[in-house]
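# Results of the structural survey
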Number of protein chains: 2
Amino acid sequence: MQADIIDGRKLAAGLRLEIADGVAALKAEKGVTPGLAVILVGDNPASISYVTAKEKACREAGMASREIRLAADVPEAELLSHIAALNADSSIHGILVQLPLPKGFSERNVIDAISPEKDVDGFTPVNIGKMMIGAECFIPCTPHGILKLVEAAGMDVSGKHVVVIGRSNIVGKPVAALFARKARGANATVTLCHTGTPDVARYTRQADVVVVAAGRPRTLAGDMLKPGAVVIDVGVNRVPDQSAPKGYRLVGDADFDSCAAVASAITPVPGGVGPMTITMLLWNTLEAARRLS
Amino acid sequence: MQADIIDGRKLAAGLRLEIADGVAALKAEKGVTPGLAVILVGDNPASISYVTAKEKACREAGMASREIRLAADVPEAELLSHIAALNADSSIHGILVQLPLPKGFSERNVIDAISPEKDVDGFTPVNIGKMMIGAECFIPCTPHGILKLVEAAGMDVSGKHVVVIGRSNIVGKPVAALFARKARGANATVTLCHTGTPDVARYTRQADVVVVAAGRPRTLAGDMLKPGAVVIDVGVNRVPDQSAPKGYRLVGDADFDSCAAVASAITPVPGGVGPMTITMLLWNTLEAARRLS
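I will try to describe carefully the structure that is included in this document.

Definitions and cut-offs
- The residue numbers shown here count from 1 along each chain, following its written sequence.
- Here chains are named by letter from A upward and ligands by number from 1 upward, in the order in which they appear as written.
- Under the rules for a predicted model, residues below a pLDDT of 70 receive no local features and side-chain atom pairs below 80 are neither given nor counted, while totals for whole chains, interfaces and linings still include all residues.
- Working definition: helices are DSSP H or I runs of at least four residues, strands are E runs of at least two. Numbering for both runs from the N terminus.
- Radius of gyration here is computed from C-alpha atoms only, and the compact-globule reference equals 2.2 Å multiplied by the residue count raised to the power 0.38.
- Any residue surrounded by 20 or more other C-beta atoms within 10 Å of its C-beta is treated as buried, while 12 or fewer makes it exposed and the intermediate range makes it partly exposed; C-beta atoms here are placed from the backbone.
- Any two residues are considered in contact once their C-beta atoms, placed from the backbone, lie within 7 Å.
- When residues are grouped by polarity, Ala, Val, Leu, Ile, Met, Phe, Trp, Tyr, Cys and Pro land in nonpolar, Asp, Glu, Lys and Arg in charged, and all others, Gly among them, in polar.
- The pairing criterion for strands is at least two bridges between them, as found by DSSP.
- Lines are fitted to the C-alpha atoms to define the axes, a helix being fitted only along its stretch in contact, and any angle between axes, read from their N-to-C directions, falls within 0 to 180 degrees.
- For this classification, under 35 degrees means roughly parallel, over 145 means roughly antiparallel, 65 to 115 means roughly perpendicular, and everything else is oblique.
- Should the near helix be turned counterclockwise from the far one by less than a right angle, the crossing is left-handed, whereas a clockwise turn marks it as right-handed.
- In superposing the copies, a least-squares fit is computed on C-alpha atoms, taking residues whose pLDDT is at least 70 in both.
- Multiplying one less than the number of residues by 1.5 Å gives the expected span of a helix.
- Read the arc as the range of directions from the helix axis to the C-beta atoms.

### Examining the overall build of chain A
When helices and strands are counted, chain A shows ten helices and eleven strands. By the compact-globule yardstick of 19 Å for 293 residues, chain A fits well, its C-alpha radius of gyration being 19 Å. Its C-alpha atoms give chain A principal-axis dimensions of about 50 × 45 × 35 Å. Per-residue burial over chain A gives 51% buried out of 293 residues. Sequence separation of at least 24 residues holds for 69% of the intrachain contacts in chain A that already meet a minimum separation of 6.

Below, the structure written as structure tokens:
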């Protein structure tokens, strides 16, 4: 067997067209242009590149984007006052603080300052709580993208066994909660594995879908899979590669070749989960603009 | 094998002594008496009996309790204004609205009105969100009691497999999240089963701990267990019994006799989870008073 490749770029491109249509309709009907504010503190190169990509995607979808760039040593109070101003600004519907923040900041304080109505990353406690109880919320972008990728792979997870590896607040825990909901595209039996699981393979070998978000290459290999499983690889790891122009290449948390030989479908890295994350940020920003206008 | 009985009444009694000591210390050190306000809307007999038991437990622990009883047809706005007054009342540290509310009320609106600092049931979205991300919060009372019962059974769940049956917002989902945390008394691999799980036994047969919170008698039976498993039975179901004085008896979600023949430890119904729920309400109220004073 050779797995189908779940093409995140293609799926994202289709969704972005849908989002652009939604943006155009909101402009036409209500004269509202969805606006996303991105706050970047410091000059971490990876963060700059993420922020640039988000802003570009915003503009391409017809949304307005505003970037607020602050020095790494800005007082936290000043950062909080920027957030307060954006909370009150009716032209801004989504607010995103690029993480990680430089040392010395309380990420929790900063995230908590974002108005839940504009928390398009879905990271505030009130939003997470609403997600857990099935109330209207913003689904965090990466988990949301994962749901869409599994659906795109033609897998209806209802009654199936989903195994999630990794218990981060932004991927593993919400993904586990979302797949277990009594809802379309969900209703799965879900097992959450993590660094405290002595034998991850014991669980993954029973899974119809494996979501690996461990932050470690080769966390998942083909001999850990049931034939025909669907693999969603959330990892983005740099491994040294002298033959690559930059001296490294990107790999996921799954050993792609051995997994692809056993799975029925798998997301590549790059080109799988990554493009979906920004797309679902646009989705949430459009949704925020609809709710607020 | 015949399972040990995990005696919830005994464990609860010990914890209530500890709580009473904490209450006395807070009075002595800060002159503060923890105060719990209980709002009861309508005259559902089960709700009246729960509320009475909660108030009695409060007084026995040296806490102050205040009952606000409203007619089933009270306007929701009036209920909300009572909650607002309690939020602002410095002698009240915990606020509890007895559920279910009569028809016509929005439980979500009502719960959302409770100040998170006084949400000792742990039902507000912001509290649930904080629990999910591992921030300071009030752990909902029944899940909190379950953690204590498993600990009392001598089971360290770290690295073990916990299977939870039922995905309610007040038991199943938080229990699953709590056992999966990277924390003492947790760090388990957790599987969440529910009405969408075609073969629950496939999962429970692998479990070191089974928490059954399905609301249905005989959801779990001995032939669904691995020998030596620990069973926590959250169910409280009335089954007709002509020989009982009231014409019914209470049973859990587990078939007690067959489970007790296979498990290493099991909670009885009544006398297992039930007494722990009120105890953890007292625990949270004391904690709220400490934080607020």
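Moving on from the coordinates now.
### Considerations on the interface of chain B and chain A
Counting residues at the interface gives 29 residues for chain B, matched by 29 residues for chain A. Of the residues assigned to the side of chain B that touches chain A, the class counts are twelve nonpolar, twelve polar and five charged. Examined bridge by bridge, strand β6 (residues 189–193) of chain A and strand β6 (residues 189–193) of chain B share three bridges and lie antiparallel to one another. Paired with V190 of chain A across the two strands is L192 of chain B, which belongs to β6 of chain B.

### Observations concerning the sheet that holds strand β2 (residues 35–41) of chain A
Residues and elements named next belong to chain A. Spatial ordering of the open sheet is given by β3-β2-β4, a layout of three strands whose pairing is parallel. A single partner strand is all that each edge strand has here, and the edge strands are β3 (64–70) and β4 (94–97). Within the sheet, the average angular offset between the axes of one strand and its neighbour, ignoring direction, is 15°. Along the sheet face, helix α2 (residues 45–60) touches β2 and β3 and points at about 170° away from the line of β2.

### Things to note about the packing of helix α1 (residues 8–30) of chain A against helix α10 (residues 273–292) of chain A
Residue and element names in this part refer to chain A. Relative orientation of the contacting elements α1 and α10 amounts to 15°, with a least axis distance of 9 Å. By the criterion of interaxial angle, the relationship of α1 to α10 is roughly parallel. Relative to α10, the crossing made by α1 is left-handed. Of α10, the residues touching α1 (which contributes G8, R9, L11, A12, L15, R16, I19, G22, V23 and L26) are V273, G274, P275, M276, T279, L282, W283, L286, A289 and R290. Tallied by class, residues from the contact of α1 with α10 come to 13 nonpolar, four polar and three charged.

### Let's talk about unusual backbone geometry
All names here are of chain A. Here the bond from V269 into P270 is cis, since omega is 0°, no more than 30 degrees from zero. Mapped onto the fold, P270 is located in the loop between β11 (265–266) and α10. Located in the positive-phi region is N187, a residue other than glycine, with phi close to 65°. Mapped onto the fold, N187 is located in the loop between α7 (172–180) and β6. A tally of 21 C-beta atoms within 10 Å means that N187 is categorised as buried.

### Focus: the relation of the copies chain B and chain A
Each copy of the sequence occupies a distinct position, and chain B is placed on chain A by a rotation of 180° and an axial shift of 0.0 Å, giving an RMSD of 0.0 Å. On the angle and the small slide along the axis, the relation comes out as a two-fold axis. Both copies share a contact surface, since 100% of the interface residues of chain B are interface residues in chain A too.

### Points about the environment of P125 of chain B
Looking at the element boundaries, P125 of chain B is found in helix α5 (residues 125–133). A sequence separation of 94 residues divides P125 of chain B from G31 of chain B, and the C-alpha atoms of the two residues are 32 Å apart. If we ignore the near neighbours within four places in the chain, the residues touching P125 of chain B are V126, G129, K130, I133 and A135 of chain A together with D112 of chain B.

### Let's talk about the pairing of strand β3 (residues 64–70) of chain B
The pairing of strand β2 (residues 35–41) of chain B with β3 of chain B spans seven bridges and is parallel. Bridge pairing in β3 of chain B places G35 of chain B opposite A64 of chain B.

### Some remarks on the sheet that holds strand β1 (residues 4–5) of chain A
Across the sheet, which stays open at both edges, the twelve strands sit in the order β1(A)-β11(A)-β8(A)-β7(A)-β5(A)-β6(A)-β6(B)-β5(B)-β7(B)-β8(B)-β11(B)-β1(B) with mixed pairing between neighbours. Where the open sheet ends on each side, the last strands, each with one partner, are β1 of chain A together with β1 (4–5) of chain B. Bridge count for strand β8 (residues 230–233) of chain A against β11 of chain A is two bridges, and the pairing is parallel. The residue of β11 of chain A that forms the bridge with V231 of chain A is I266 of chain A. Where helix α6 (residues 141–152) of chain A meets the sheet, its contacts fall on β7 (209–212) and β8 of chain A, and the angle it forms with β8 of chain A comes to roughly 150°. The strands touched by helix α7 (residues 172–180) of chain B within the sheet are β6 of chain A together with β5 (161–165), β6 and β7 (209–212) of chain B, with β6 of chain B carrying the most contacts at an inclination of about 165°.

### Quick notes on helix α3 (residues 76–88) of chain B
All names here are of chain B. With 13 residues, α3 should reach 18 Å at 1.5 Å per residue; the first-to-last C-alpha distance of 19 Å fits that figure. Where α3 is concerned, the buried positions are L79, I83 and L86. Looking straight down α3, one finds that the buried residues subtend no more than 60° of arc, so they occupy a single side. Residues of α3 that are exposed and point more than 90 degrees away from the buried face comprise A77, E78, S81, A85 and A88. Packing partners of the buried residues in α3 comprise β2, β3, β4 (94–97) and α4 (107–112).

### Quick word on the pairing of β4 of chain A
All names here are of chain A. Every second residue of β4 is oriented toward a common face, with G94 and L96 on one face and I95 and V97 on the other, all of them buried. In this sheet, β4 lies alongside β2 in parallel orientation, the contact comprising four bridges. Paired with V38 across the strands is L96, a residue of β4.

### So, the packing of α2 of chain A against α10 of chain A
All names here are of chain A. The geometry of α2 relative to α10 is characterised by a closest axis approach of 10 Å and an angle of 50° between their N-to-C directions. As the angle between them shows, α2 and α10 are arranged oblique. Remark: the crossing between α2 and α10 carries right-handed chirality. For the pair α2 and α10, the contacting residues are A53, K54, A57 and C58 in the first and I278, L281 and L282 in the second. Of the residues that constitute the contact of α2 with α10, the class distribution is six nonpolar, no polar and one charged.

### What about helix α6 (residues 141–152) of chain B?
Because an α-helix completes one turn every 3.6 residues, residues spaced three or four positions apart along the sequence face the same direction. Residue and element names in this part refer to chain B. Over its twelve residues, α6 runs 16 Å from end to end, which matches the ideal 16 Å to within 8%, given 1.5 Å per residue. Counting buried residues along α6, ten of its twelve residues qualify, which places the element largely inside the surrounding structure. If you check which residues of α6 are buried, you get C141, T142, P143, H144, G145, I146, L147, K148, L149 and V150. Looking at the packing, one finds that the buried side of α6 touches α1 (8–30), α7, β7, β8 (230–233) and α10 (273–292). The positive-phi residue at the C-terminal boundary of α6 is G154, with phi of around 80°.

Purely geometric numbers; function is a separate question.
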